[in-house]
Amino acid sequence: MTNSFRSAAAPSRSPRAKRLAPGGLPGGSRLVSFGLLALLLVVTGLGLWEAAARDRAATPAGPGMAPEAGWLVAIPAVLVLAGVLWRMGLGRRCPARDAASREILVLRQNERRFRALIQNASDMILICRPSGGVAYVGPTAQAGWGWVDQRLLDRQLFDLVHPDDQPTARDLWAQLQAAPGATAEVELRIADANGAWHFADLVLTNLVQEPAVEGVVVNIRDINERKLFEQELARRAFYDSLTGLPNRALLRDRVTQALVRAGRRGTMVGLMFLDLDNFKIVNDSLGHQVGDELLKSAALRLKAGVRAEDTVARLGGDEFVVLLECLSGEADALAVAREIAGHFHQPFPLEGRDIVVTISVGLALGAAGSEDVDSLMRNADIAMYRAKAEGNGSHVLFDPSMRIDNLNRLELEADLRRALDQGELRVHYQPIVLLDSGRVAEVEALVRWQHPTRGLMPPLDFIPLAEETGLIVPLGGWVLREACRQVALWQEHCPGQPPLRVSVNLSPRQFQQPDLVEQVEQALAESGLAAECLKLEITEGMIMRDAEATIETLWRLKRLGLQLAVDDFGTGYSSLSYLKRLPLDVLKIDRSFVNGIGRDQEDTAIVRAILSLAESLDLAVTAEGIETAEQAALLDAWSCHQGQGFFFGKPLDEVQTAALLATASREPASRARVA
């Protein structure tokens, strides 16, 4: 609301123009002379007429004077006298009367003009008594606001004002009463006859001392459309159009204010950066409309997980921020982070699918004087990236050492982009053997990075970064093509029956690429590798993110003639109802279960249960992480088909793998393994 108050002095009234006194006309003295002469002639004519009449009466038969002679003198004299009187102003208006008539005409014209303005104005015009009661209602009150005179007369002006605006209105009214002739302007919310509130601009003028008014003239103009437009501009400037949450600009302002309040209260401010895990996969595979629905649903869950004094904002994409106030320490902030994470345990119902989307949370704390807005937001962002590196659903509290790690991460990302272009990536191969014979039946393709300064880097040092930045898509495509090419060459040099197969892991982002099937077809065509010699591995987590879409994609791949495997089986949350619908060939038991068989009852029970399940579903089983002969023997005894691990061989480069295949070509791998 805005208001202005100006004390207006009584307007200066210019004195009315003095009426011109009747003055002499040009030649006035001559007119007087002619008038006197004409009057004399009239008298003379009348006298002659009377004398003639007496004479005729005395001598009826005599030739006396004729009466018509008097009229001949009197009539012209009367006409001359009338002309003189007309010229002297007796037969025309005087200037004073003309001015008065003109003034009356102007007043009447102004009155008609004022009445037309009042009747056709869009504003509501009221005259209120000093007490605030309505004494006069203009005709536009009904047309523009729905008010009828009888419903407004004698009501209080303040009855029309919104309760929240009452203090402002009454304060301004009191000021106006103390200043006769003053004018005040204020912006208030005014009710129409239906009770709807309109933003209005009010101009109030104190004319209590004017006899014709004796009250305060109130002019009310509806500015609702303008205010709504201004609010829409503000909403677009400070709020996210999709979720309705505050955007970056408004968030910065609120963080600034929160730090000031924290300084007064002696509390801390927390800032949480949140990122939806695998949002890009959902967006790319199901479409942007479904992605938008996910963002809106996520915004609602975030708002449900915070306190009343906290703020949830969206920075863009799938990045959200939560501003936490009145924190006493880390424990308070971590409690809110856990509360928020709990709201994302349940799947999101999207397009008839149940999709689980977790969040990675980076948390930074600050107090007035110790952190500014930029550093607090930067710290929370760094912590969030650390959380994503630790795995989906993690939350990490910022530590100053992370700044150095973040710089290293930026350098590593730049190096990885260069590595793709300069051929620094390598594919190593780990043998997969038949447990009953020890013969090498397959190799699993595993990527390595030959960094120019850091040496040979294992996957865990760069694959999470590649997944996060999207570089995993071109990287995974290259591994697929290179593995198919290399195995096709080995098949030529080391032929066998059945021919050597290769397993290639698909990352979540790579699996969700719309052209994945076409990429696989192209890799097979370029290499000449038969489709049945390629096995693609996915994880349980990938299946459960969007089971229906996964089933569709797997069937398209299966129609190419290749094999499909579920990697790290038992570590995820597979639904058996989905599992039996998948066109799978192999279950791979995770190394965490294999490591304890024979010693740990639970691991032994889990492995035997997986083997039983696979048998019932007619699936082959490969055990990962076999490191001892005892483990290999137990798995073979339980009818596990294949195994891989350091007991049979570590991942080897092309040359070492070729040598292994040559020496082991039809020797048991347990005797030909490379340490």
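Every value quoted in this text rests on a predicted model; they were computed, and no experiment measured them. (Residues numbered from 1 in each chain as written. Predicted model: local features only at pLDDT ≥ 70, side-chain atom pairs only at ≥ 80, totals over all residues. Heavy atoms only, no water.)

Examining the overall build of the chain
Secondary structure summary: the chain contains 25 helices and 22 strands in total. Going through the 675 residues of the chain one by one, you find that 44% of them count as buried. Considering only contacts in the chain between residues 6 or more positions apart, those separated by 24 or more positions represent 64%. Looking at the chain as shown, the accessible area adds up to about 34,900 Å², and 55% of this sits on carbon and sulfur atoms. (Helix = DSSP H or I, 4+ residues; strand = E, 2+ residues; numbered from the N terminus. Buried < 20%, exposed > 50% of the residue type's maximum accessible area, 1.4 Å probe, protein only. Contact = heavy atoms within 4.5 Å. Areas by Shrake-Rupley, 256 points an atom, 1.4 Å probe, with all protein chains shown as cover.)

As for the pairing of strand β19 (residues 563-569)
Burial analysis of β19 places six of its seven residues in the buried class, which makes it a mostly covered element. Both strand β18 (residues 534-539) and β19 contribute to a ladder of five bridges, which runs parallel. Bridge pairing links I538 to V566 in β19. Sheet topology note: the β19/strand β20 (residues 586-589) ladder contains three bridges and is parallel. Residue pairing for β20: A565 is matched across the bridge by V586. (Pairing = 2+ DSSP bridges.)

Describing the pattern of salt bridges
This structure, assessed with the given rule, holds 25 salt bridges. Salt-bridge contacts for E187 lead to R226; the nearest nitrogen and oxygen are separated by 3.3 Å. Taken as a pair, E187 in strand β4 (residues 183-191) and R226 in helix α7 (residues 224-238) lie far apart in primary sequence, 39 residues in all. Accessibility expressed as a relative area gives 43% for R226, which makes it partly exposed. One salt bridge in this structure joins D240 and R314, with 3.0 Å as the shortest N-O distance. With D240 in the loop between α7 and α8 (248-265) and R314 in strand β8 (residues 311-316), the pair connects residues that are 74 residues apart, well separated along the chain. The two residues D240 and R314 agree in class, both being buried. Each of E187, R226, K227 and E230 takes part in one network of salt bridges that share partners. (Salt bridge = Lys/Arg side-chain N within 4 Å of Asp/Glu carboxyl O.)

Observations concerning the nonpolar core
Counting residues in hydrophobic clusters, the biggest one holds 76 residues, and the most contacted among them are L534, L536, L557 and L635. A per-element tally of this core places helix α15 (residues 472-493) first, with ten residues. Those residues in contact with L557 that lie beyond four places of it in its chain are F511, L516, V517, V520, L536, L562 and L564. Membership of the second largest hydrophobic core comes to 32 residues, among which are L245, L276, L294 and A337. (Core = buried A, V, L, I, M, F, W, Y, C linked by side-chain atoms within 4.5 Å.)

Let's talk about unusual backbone geometry
Even without glycine at this site, C326 takes up a positive phi of about 60 degrees. Within the element layout of this structure, C326 appears in strand β9 (residues 319-327). Owing to a relative accessible area of 36%, C326 belongs among the partly exposed residues under this scheme. The phi dihedral of D618 is positive, around 60 degrees, even though this residue is not glycine. Within the fold, D618 resides in the loop between α22 (601-616) and β21 (620-623).

Here's the deal with the pairing of strand β17 (residues 501-505)
Bridge count between strand β15 (residues 440-451) and β17: four bridges; the pairing is parallel. Paired with V443 across the strands is V502, a residue of β17. Of the pairings in the sheet, the one linking β17 to β18 comprises four bridges and is parallel in character. What sits directly across from V502, in β18, is L534.

Overview of the sheet that holds strand β12 (residues 359-366)
The strand order across the open sheet built from five strands is β8-β9-β7-β12-β13, with neighbouring strands paired in mixed fashion. Each of the sheet's edge strands pairs with one partner strand only, and the pair in question is β8 and β13 (395-397). Each strand of the sheet is rotated relative to its neighbour by a mean of 20 degrees, with strand direction disregarded. Those strands touched by helix α11 (residues 330-342) are β7 (268-276), β9, β12 and β13, and its axis lies near 160 degrees from that of β12. (Axes fitted to C-alpha atoms, helices over the stretch in contact; angles between N-to-C directions.)

Here's the deal with the packing of aromatic side chains
Centre distance and the angle of the planes are the two values used to describe a pair of aromatic rings. Taken as a whole, this structure holds five aromatic pairs when the rule is applied. When the centroid spacing of 5.8 Å and the interplanar angle of 80 degrees are considered together, the rings of F158 and W173 count as edge-to-face. Taken as a pair, F158 in the loop between α5 (149-152) and α6 (166-177) and W173 in helix α6 lie far apart in primary sequence, 15 residues in all. A residue is classified by how much of its surface remains accessible, and W173, at 7% relative accessible area, is buried. The interplanar angle of 55 degrees and the centroid separation of 5.8 Å between the aromatic rings of F344 and F348 together place this pair among those described as tilted. (Phe/Tyr/Trp six-rings, centres within 6.5 Å; stacked < 30°, edge-to-face > 60°.)

Quick notes on the packing of α8 against helix α12 (residues 373-390)
The interhelical angle for the contact between α8 and α12, taken along N-to-C directions, is 110 degrees, at an axis separation of 10 Å. Judged by the inter-axis angle, α8 sits roughly perpendicular to α12. Between α8 and α12 lies a crossing whose hand is right-handed. Only V373, D374, L376 and M377 of α12 make contact with α8, whose side of the interface consists of R248, L251, R252, V255, T256 and L259. Tallied by class, residues from the contact of α8 with α12 come to six nonpolar, one polar and three charged. (Parallel < 35°, antiparallel > 145°, perpendicular 65-115°, else oblique. Left-handed = near helix turned anticlockwise from the far one by under 90°. Nonpolar A, V, L, I, M, F, W, Y, C, P; charged D, E, K, R; others polar.)

Remarks on helix α13 (residues 401-422)
Relative to the 32 Å expected for 22 residues at 1.5 Å per residue, α13 spans 32 Å between its end C-alpha atoms, a close match to the ideal helical length. Considered for burial, the residues of α13 that qualify are M402, N406, R409, L412, E413, D415, L416 and A419. Taken from the residues just after α13, G423 is the one with a positive phi, measuring 70 degrees. (Expected span 1.5 Å × (residues − 1).)

Notes on the confidence of the model for the chain
Confidence in the prediction of the chain, expressed as mean pLDDT, is 82, and 79% of residues score 70 or more. Every residue in residues 9-26 scores below 50 in pLDDT, and together they form eight contacts with partners more than four places removed in sequence or on other chains. (pLDDT = per-residue confidence, 0-100.)

Examining the side chain of T604
With respect to the element layout, T604 can be found in helix α22. Taking relative accessible area as the criterion, T604 reaches 17% and is therefore assigned buried. Discounting chain neighbours no more than four positions away, the residues touching T604 are G596, I597, G598, R599 and W638.

Quick word on the environment of G596
Mapped onto the elements, G596 comes out in the loop between α21 (591-594) and α22. In this structure, the C-alpha to C-alpha distance between G596 and V607, residues eleven residues apart in sequence, is 9.6 Å.

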